[in-house]
Amino acid sequence: MTYRGVVLDVDGTVVRGDEPIPGAAEGLDHLAAAGCRRLFVSNNPTKRPPAYAERLGRAGFDVDPAEIITAGTVTTTYLGERHDDDALFVVGEPALVEQLTDAGLTVVDEAARAEAVVLSIDRSFDYDRLCAALRACEGDDVTLVGTDPDMLIPAAGGDLPGSGAIINAVAGVVGRDPDVVLGKPSEPALRIVRDRLGVSPSACLVVGDRLDTDVALGDRAGMTTALVRTGVTDDADLAESDISPDYVLDSLADVERILD
C-alpha cells in the first residue's frame, strides 16, 4: 500500500514528556522517505501548536506549527462555530482560556452567567471548583462541552489524570453526560484533520498509542490504523477492546514494514 499522508499521535507515540520515545526518530525518517505528508494530532487542550512545536523541538524533532492540531484547536473552532455568542464557564488550564479569549469568545467567572460549560484538564481542580461547575450547569439550556476524552496522559514520571477525569467528575455530580466531547476521535476533530491533511482516507495512515482515540479516529475516517506499544495501551487492553487496529507495532520505528 502506498500512503500519501500520516496522522501521528504525539504523547506516547513520539514523545513522553519532553523526551523522545525510542524508535520515534527512525519512524519519522521512514515516513519522510516514503513521501508521507504528516499531521501531528494531540488531545492535549492546553498547548497551542507553536508551543507544541517548541516541545517537540526540545525532544529533537523539527516540526512546523502548521503540522500540528490539538484538542485546543478543535475546541476553539467548535465553540467559534456553535457558541460564538455564548458566555463560557471553563474548568480548565489558563492556556485553554487564553486560546478561547484570543479567538474572541467570552469566558466568564460567574457560574450563574454560564450558557455553555467547557470541561478540560485542570491541575488546580478542587472541591470548590467542582461546586462552581455544578452551579454553572444548573440552567436548563446550558451546553456541556468536553475538550477531549483522555483519562490518562503519558508523562515522563508515569501516567497522569487527563481531561476525561475532570469531565467524569463534573458529569457525575451534574447527573448527565456532556453534549459533546471533542478531540480525537470526534467528528469535529476528524473534519479538521481531513481539511488540513488534504489526503484521501484510503491513502492515509493513523499511528497512535490509544485504541479509543487514535485507532477509533482512523476507523471512523476509513484510514489504515497502527497501534504502538510505547504508550498507555498494553496487550491486556488490546485483547479486551472491541476496537482492533490494522497493525500493532512495538514502536514507531516499525512503521517501515507497513510502508514496504
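None of the values given here were measured: they were computed from a predicted structure.

Novice: Whenever I open this one, the environment of Leu252 confuses me. Can you help?
Specialist: Mapped onto the fold, Leu252 is located in the loop between β15 (247-249) and α10 (256-259). Judged by its relative accessible area of 1%, Leu252 is buried. Linking Leu252 and Ala155, residues 97 residues apart in sequence, is a C-alpha distance of 18 Å. Leu252 has contacts with Leu8, Thr13, Val14, Gly23, Ala24, Gly27, Leu28, Val207 and Val228, leaving out every residue within four places of it along the chain.

Novice: What exactly am I supposed to notice about the pairing of strand β13 (residues 204-208) here?
Specialist: Consecutive side chains along a regular strand alternate between the two faces of the sheet. The buried fraction of β13 amounts to five of the five residues, a majority that puts the element mostly inside the structure. Where strand β1 (residues 5-8) lies against β13, four bridges are found, and the strand directions are parallel. Within β13, the residue paired with Val7 across the bridge is Val206. Looking at chain direction, β13 and strand β14 (residues 224-228) are connected through four bridges and run parallel. Bridging from a neighbouring strand, Val206 pairs with Thr225 of β14. One crossover worth recording links β13 to the parallel β14 by way of helix α8 (residues 211-221), and it is right-handed.

Novice: Before we go on, may I ask you to explain the environment of Ala116 in this structure?
Specialist: Tracing the backbone shows Ala116 in strand β8 (residues 116-119). Classification of Ala116 as buried rests on a relative accessible area of 0%. The residues contacting Ala116, other than those within four sequence positions of it, are His83, Asp86, Ala87, Leu88, Phe89, Val142 and Thr143.

Novice: In this structure, what is going on with the pattern of salt bridges? I would like to understand it.
Specialist: Once their charged atoms are close, side chains differing in charge can pair, the charge on each being opposite to the other. Scanning the model with the defined rule gives 16 salt bridges in all. Ionic pairing is found between Arg16 and Asp159, a salt bridge with its closest N-O pair at 3.6 Å. Highlighted residues: Arg16 in strand β2 (residues 15-16) and Asp159 in the loop between β10 (152-153) and β11 (160-161), separated in sequence by 143 residues. On the basis of relative accessibility, which here comes to 22%, the residue Arg16 falls in the partly exposed class. Among the residues examined, Asp159 registers a relative accessible area of 38% and is labelled partly exposed. One continuous salt-bridge network, built from bridges that share partners, spans Asp11, Asp18, Arg55 and Arg58.

The rules behind the values
- Residues numbered from 1 in each chain as written.
- Predicted model: local features only at pLDDT ≥ 70, side-chain atom pairs only at ≥ 80, totals over all residues.
- Heavy atoms only, no water.
- Helix = DSSP H or I, 4+ residues; strand = E, 2+ residues; numbered from the N terminus.
- Buried < 20%, exposed > 50% of the residue type's maximum accessible area, 1.4 Å probe, protein only.
- Contact = heavy atoms within 4.5 Å.
- Pairing = 2+ DSSP bridges.
- Right-handed = clockwise from strand over helix to strand, strands pointing away.
- Salt bridge = Lys/Arg side-chain N within 4 Å of Asp/Glu carboxyl O.

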